[in-house]
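Next come the chains, spelled out residue by residue.
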Amino acid sequence: MPKTGFTFKPLSSSASATQVPSSDQNPGSEVTNNVSIPKVRVFTRKKRVRKTVDVVKENPTAENKEHSGRSLPDIEEFAYKKVDRPALSGKSKSTFGKLNMGTDIASSVAMEGKAPANWEKVLEGIRKMRSSEDAPVDTMGCEKAGSVLPPKERRFAVLISSLLSSQTKDHVTHGAIERLTQNHLLTPDAMDKADEATLKDLIYPVGFYTRKATNMKKIAKLCLMKYDGDIPSSLEELLLLPGIGPKMAHLVMNIAWNDVQGICVDTHVHRISNRLGWVSRPGTKQKTLYPEETRVALQQWLPKEEWVPINPLLVGFGQTICTPLRPRCDICSITEFCPSAFRETSSPSSKVKKSGARKKL
DNA sequence: CTCCCGACTG
DNA sequence: CAGTCCGGAG
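Residues numbered from 1 in each chain as written. Chains lettered and ligands numbered in written order. Predicted model: local features only at pLDDT ≥ 70, side-chain atom pairs only at ≥ 80, totals over all residues. Heavy atoms only, no water.

The name given to chain A in an unreviewed UniProt entry is Endonuclease III homolog, and the organism recorded there is Corchorus olitorius. In UniProt, chain A has this text filed under Cofactor (unreviewed entry): "[4Fe-4S] cluster". Listed under Sequence similarities (unreviewed entry) in UniProt, the entry text for chain A is "Belongs to the Nth/MutY family." (UniProt positions renumbered as here; feature names shortened; annotations may be inferred.)

1. A few points about the overall build of chain A
Helices and strands together make up the secondary structure of chain A, namely 13 helices and zero strands. Counting from the amino terminus, helix and strand elements in chain A follow one another as α-α-α-α-α-α-α-α-α-α-α-α-α. Long-range pairs, those at least 24 residues apart, make up 73% of the contacts in chain A between residues at least 6 apart in sequence. Counting only carbon and sulfur atoms, one obtains 55% of the accessible surface of chain A, whose full area is about 18500 Å². (Helix = DSSP H or I, 4+ residues; strand = E, 2+ residues; numbered from the N terminus. Contact = heavy atoms within 4.5 Å. Areas by Shrake-Rupley, 256 points an atom, 1.4 Å probe, with all protein chains shown as cover.)

2. Re the UniProt feature "domain: HhH-GPD" (unreviewed entry) in chain A
Mapped onto the present numbering, the UniProt feature "domain: HhH-GPD" (unreviewed entry) falls on residues 164–320. Here residues 164–320 runs as 59% helix and 0% strand, with 23 Å between its end C-alpha atoms.

3. Remarks on the pattern of salt bridges
One pass over the full model with this rule turns up 10 salt bridges. Via salt bridges that share partners, Glu124, Arg127, Lys128 and Glu306 belong to a single interconnected network. (Salt bridge = Lys/Arg side-chain N within 4 Å of Asp/Glu carboxyl O.)

4. Here's the deal with the domain arrangement of chain A
Along its sequence, chain A is carved into domain 1 (119–135 + 265–337) and domain 2 (145–257). Between the C-alpha centres of domain 1 and domain 2 the distance comes to 28 Å. At the boundary of domain 1 with domain 2, total buried surface from both sides reaches about 360 Å², with 65% on carbon and sulfur atoms. Inspection of the region where domain 1 meets domain 2 yields zero salt bridges. On inspection of domain 1 and its partner domain 2, the count reaches one residue pair in polar contact (both at pLDDT 80 or more). (Domains from an automatic or database assignment. Buried area = accessible area lost by both parts, 1.4 Å probe. Polar contact = N/O pair within 3.5 Å; in protein donor to acceptor, adjacent residues only side chain to side chain.)

5. Remarks on helix H11 (residues 267–275)
By the criterion of burial, H11 is predominantly enclosed, with eight of the nine residues buried. Along H11, the positions that sit buried rather than exposed are His268, Val269, His270, Arg271, Ile272, Ser273, Asn274 and Arg275. On its buried face, H11 is in contact with helix H12 (291–299) and helix H13 (310–320). Of the residues one or two after H11, Gly277 is the one with positive phi, at around 75°. (Buried < 20%, exposed > 50% of the residue type's maximum accessible area, 1.4 Å probe, protein only.)

Structure (structure tokens):
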């Protein structure tokens, strides 16, 4: 991949491990330095085809697809998003009940705020396992590359990169950022003026590009109008931006502002922390139900120096060994400290009703 | 819960 | 080829 100046690499705390040598990079990237070209290069490959699957969801109760309750109740402090979310109270309760089961991994669960036994050995063990294989998840690959930009631009780039990186492979995110950069659209000003359709085409392969293009424009405008072209500097204000939730907000605080307000918890950190018995619901031995709950619990005992590195560490571990499905306990070196080792317990988001149910007849 | 997008997996 | 992946929002 040609790196034309900006080589930002967002802390892809999610996807990215898996290879994907896919021959398709971006076919038009021979655009080296025609800086003067005012027009935007549009993606012409693979047509975006709507799936138009005329699936008549005759079974609205989604028998499979059991997410792990993504939305959270208003757990403690600021951290939680925009306005007040009324929901969660009544409805999803039944679902949570189900997810809640099988949580006896608590033998070594940390007592409120107290560090679980051997956590240092566990971390060390994971580090070892990670170093042996080529960890694709390098955390701050950005600070070195992004530093070529003035602070303000760099922060904006970090914010946009974070937005684009969710649910998207690293190389894809990188390509999108590169295209935006080449077209001089990686600034609040330009982005605000740009066509939404143009942005959409430029970021194309990233996940949820349509929604992200919309969010990018809104974010650019907000940065312009409320923050003088800079990005919000607090967690609360970052959370107010469309498309920026707890996970990304912490990531941006860490990288863009170098101000560690909290741990960036994604599903890997969430799942593994629970498997290890590192966190539990307040006052219980139950697994935490939401990433935010995990974050709070983890922050109660994990030394602050580990707050940032814990993410890339567990993400890499979670993608290669402690996987959601069929974790590789057989090759894991810390099973002696893991209450969940060799248990089919699977992830926090258990998979109860699933294959057993009938498809569509 | 469901949708958003698409690439990958069993 | 249905199910997974996994962050955010409604």
